[in-house]
Amino acid sequence: MTEYKLLIGGQLVDGDMTMDVINPATGEPFCTVPRASTAQADAAIAAAKAAVPGWSALPWADRQAKLIELADAIAARKDEIARALTMEQGKPLAEALGELAWTDGYLRHYATLELLERIIQDDETGYIAVKHRPLGVVVGIIAWNFPLLVACWKIGPAVLAGNAIVLKPAPTTPVCALILGEICRDVFPAGVVNIITDANDLGAHLTAHPDVAKVGFTGSTATGKRIAASGADTLKRVTLELGGNDPAIVLEDVDVRETAQAIFGNAFLNNGQVCLAIKRAYVHADIYDAMCGELARLAEAAVVDDGLQQGTQIGPIQNAMQFEKVKGFLESARAEGTVVAGGDVMERAGYFIRPTIVRDVTDGDRIVDEEQFGPILPLIKFDNVEDVIARANASEYGLGGSVWSKDVGRAAEIASRIESGQVWVNQHIAIGPHIPMAGFKNSGLGVEQSVEGLAEYTQTQVVNIKR
């Protein structure tokens, strides 16, 4: 049994407490990890603060090189990390290896980015330049759906910009983050990266701490609002990547079988536990019955099992609390519409629910209006494009959305009217490290990924010289 440690100030240390980590495929603990105290959280912040001057003084190229070193070190342990990822998160091993590949790609892309000084005036009267300076101590708080990838989404731009970071993983998925801590200990100078765990009791302390300059958070909208409020007294910078209720608008001219495969894959990736997953599909009346039938067929054929078992396509819900929430959505689905596939909890250990397709629902139903964050896809009939655009935009969320049609020009025009930070045509969850990620309305604040996301880890400064 592997012994895990916190990373504080360049040292791997025991927590002042411990906690068990549950394998969602069994519902039983599979390891025990350290749990940090408030004093240890303060020590991590102090270590980060002490590391900032030396780290930020390094040439940009030196910091880029460290991200490449980090990517190399993670790749050297990819099989071990992927197995741990499946055991703590539940996703199939193939998806876990995919998450490692995405992590590698993001880190290597971050290592190509630079925030150059921008000269806006240089003449006989004066010189004006726009610079980007590091903020100082960053706190990164991450969700449980992509525990390695999202950790590196925070670490990469934070340290590249010259900051030091204190990372706090979700309590139900701390193992990959702690392995990452072991790796970071050997890559970065002491204090540049610190990784601590908690039982959801340190977040408010970290986000209110006066020595923290910025919080980068990925998780629920409710928690994001609390983080924004917590940092208000010290006017902390915040980047909030929050919930979504992504609509897919499927027009009447699509190839039903081909489009159903894409819709299914983008709705049930990671068991639907993806902020950018398709959460509601608006299907034109002319193909509604055919699309319902094809999606039901795909759902019934999907292999649901322990993610470590060969051939598994969909694993368990990640944790008991989310399992109970999704069961509540199943009740709503049965009450509000017609379940044509799935709809039941599997009679076995662990948190397993069959992928569920529900038809004959509409806006105003709970299963349509709220984010399920689980393996349920409601299908809503429409026959008027203007009406469906208004219905898609009526949500409090605005993270992603997509339009599906053989007529790309028509689909693009409709897509341009969707109120979401990301909108796609004939694809969904088409993200990358070079593409800004942002959310409208309650789906977030600020930008992640790309050079725009990197800039959010800096303070803009104007140097204005009179000649």
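Residues numbered from 1 in each chain as written. Predicted model: local features only at pLDDT ≥ 70, side-chain atom pairs only at ≥ 80, totals over all residues. Heavy atoms only, no water.

Novice: Talk me through the pairing of strand S16 (residues 376-382); I want residue IDs and the actual numbers.
Specialist: In terms of burial, S16 is largely enclosed, as 6 of its 7 residues are buried. Relative to S16, strand S15 (residues 356-359) runs parallel, the two sharing 3 bridges. Bridging across to S16, Val358 finds its partner in Pro378. (Buried < 20%, exposed > 50% of the residue type's maximum accessible area, 1.4 Å probe, protein only. Helix = DSSP H or I, 4+ residues; strand = E, 2+ residues; numbered from the N terminus. Pairing = 2+ DSSP bridges.)

Novice: Pulling in residues and values, what's your account of helix H9 (residues 256-268)?
Specialist: Here H9 contains 13 residues, and its C-alpha end-to-end distance of 18 Å stays within 8% of the 18 Å for a straight helix at 1.5 Å per residue. If you check which residues of H9 are buried, you get Val256, Thr259, Ala260, Ile263, Phe264, Asn266, Ala267 and Phe268. Buried positions along H9 lie against strand S12 (246-250), strand S13 (278-284), helix H10 (288-301), S15, S16 and strand S18 (400-404). One side-chain oxygen of the residue at the start of H9 lies 3.2 Å from the amide nitrogen of Arg257, identifying that residue as Asp255. Taken from the residues just after H9, Asn270 is the one with a positive phi, measuring 55°. (Expected span 1.5 Å × (residues − 1). Contact = heavy atoms within 4.5 Å. Polar contact = N/O pair within 3.5 Å; in protein donor to acceptor, adjacent residues only side chain to side chain.)

Novice: Describe unusual backbone geometry, listing the residues and the values that go with them.
Specialist: Non-glycine residue Ile429 carries a positive phi angle of around 50°. Its place among the elements puts Ile429 in the loop between strand S19 (422-425) and strand S20 (437-438). Here the phi dihedral of Lys441 falls at roughly 50°; this positive angle occurs in a residue that is not glycine. Topologically, Lys441 is positioned in strand S21 (residues 440-441). When its relative accessible area of 38% is taken as the criterion, Lys441 is described as partly exposed.

Novice: Talk me through the packing of helix H2 (residues 60-76) against helix H4 (residues 93-110); I want residue IDs and the actual numbers.
Specialist: Two elements in contact, H2 and H4, have axes separated by 8 Å at closest approach and are oriented at 165°. Judged by the inter-axis angle, H2 sits roughly antiparallel to H4. Considering how the two elements wind past one another, H2 and H4 form a crossing that is left-handed. Two secondary-structure elements touch here, H2 through Leu67, Ile68, Leu70, Ala71, Asp72, Ile74 and Ala75 and H4 through Leu100, Thr103, Asp104, Leu107, Arg108 and Tyr110. Residue composition of the contact of H2 with H4, by class: 9 nonpolar, 1 polar and 3 charged. (Axes fitted to C-alpha atoms, helices over the stretch in contact; angles between N-to-C directions. Parallel < 35°, antiparallel > 145°, perpendicular 65-115°, else oblique. Left-handed = near helix turned anticlockwise from the far one by under 90°. Nonpolar A, V, L, I, M, F, W, Y, C, P; charged D, E, K, R; others polar.)

Novice: Please set out the sheet that holds strand S6 (residues 126-134) residue by residue, giving values where relevant.
Specialist: Sheet architecture is open: 3 strands sit in the order S5-S6-S24, paired in antiparallel fashion. What marks the edges here is a single partner per strand, and that holds for strand S5 (118-122) and strand S24 (458-466). Averaged over all pairs of adjacent strands, the angle between strand axes in this sheet comes to 20°, irrespective of strand direction. With 4 bridges connecting them, S5 and S6 associate as antiparallel partners. Across the sheet, residue Arg118 finds its bridge partner in S6, namely Val130.

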